[in-house]
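Observations on the three-dimensional arrangement
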Amino acid sequence: MTTTRLEALQKMLAGNPNNPMAHYGLANEYWKRADYQAVVKHLTAYLETGDDQGAGYRLLGQAYQRLGDVAAARAAWEQGQRAAERHGHPTMAAEIGELLADLET
């Protein structure tokens, strides 16, 4: 039987519950399945373990937006924009800025 990427990441996380890459990978797998609650859960855990450069916050904001929590989406994107700027990623910061601007329309 072939192990799916989701199963492999779940096994990795079971061996080390604080593994940031397992949380990030699981968030992406759950995004593909439109399980936005699980995306939020794993990205929150991922963001607690290290210094994201913006991409994690961008996806977190998108998950919150899909869940209808505009305030949480805004907060995640604001943090993500600051993180992207801090890490020298102006293009990502601009993309996140566009997401924020779209919330205003």
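Everything that follows concerns the structure shown earlier in this document.
Residues numbered from 1 in each chain as written. Predicted model: local features only at pLDDT ≥ 70, side-chain atom pairs only at ≥ 80, totals over all residues. Heavy atoms only, no water.

**Some details on the packing of aromatic side chains**
How we decide: For this analysis, a ring pair means two rings from Phe, Tyr or Trp (six-membered ring only for Trp) whose centres lie within 6.5 Å, classed as stacked if their planes differ by under 30 degrees, edge-to-face if by over 60, and tilted for the remaining angles.
Tallied over the entire structure, the rule returns 2 aromatic pairs. On the basis of an interplanar angle of 65° and a centroid distance of 5.0 Å, the ring pair of W31 and Y36 is categorised as edge-to-face.

**What to know about unusual backbone geometry**
The criterion, for reference: The rule is simple: take the accessible area with a 1.4 Å probe, protein chains only, and divide by the maximum for that residue type; under 20% is buried, over 50% is exposed, in between is partly exposed.
Look at A34: it is not a glycine, yet its phi comes out positive at around 60°. A34 sits in the partly exposed class, given a relative accessible area of 44%.

**A few points about the side chain of N19**
As a reminder, the rule being used: Each helix is a run of DSSP H or I of at least 4 residues and each strand a run of E of at least 2, with the numbering of both proceeding from the N terminus. Contacts are residue-level and defined by heavy atoms, with any inter-residue pair within 4.5 Å sufficient.
Structurally, N19 is set in the loop between helix 1 (5-15) and helix 2 (20-32). Excluding anything up to four places from it in sequence, N19 contacts M12 and L13.

**Section: the packing of helix 4 (residues 55-66) against helix 5 (residues 70-86)**
The test is simple: Structural elements are reduced to axes, namely lines fitted to C-alpha atoms, with helices fitted over the stretch in contact, and the angle between N-to-C directions of any two is expressed from 0 to 180 degrees. By definition in this entry, angles of less than 35 degrees are roughly parallel, angles greater than 145 are roughly antiparallel, angles of 65 to 115 are roughly perpendicular, and the rest are oblique. Ten residues, namely Ala, Val, Leu, Ile, Met, Phe, Trp, Tyr, Cys and Pro, are considered nonpolar, four, namely Asp, Glu, Lys and Arg, are considered charged, and the remaining ones, Gly among them, are considered polar.
With their axes 8 Å apart at the nearest point, helix 4 and helix 5 run at an angle of 170° to one another. Taken together, the axis directions place helix 4 and helix 5 in an arrangement best described as roughly antiparallel. Only A72, A73, A76, W77, Q79, G80 and A83 of helix 5 make contact with helix 4, whose side of the interface consists of Y57, R58, L60, G61, Q62, Y64 and Q65. Along the lines of polarity and charge, the residues of the contact of helix 4 with helix 5 split into 8 nonpolar, 5 polar and 1 charged.

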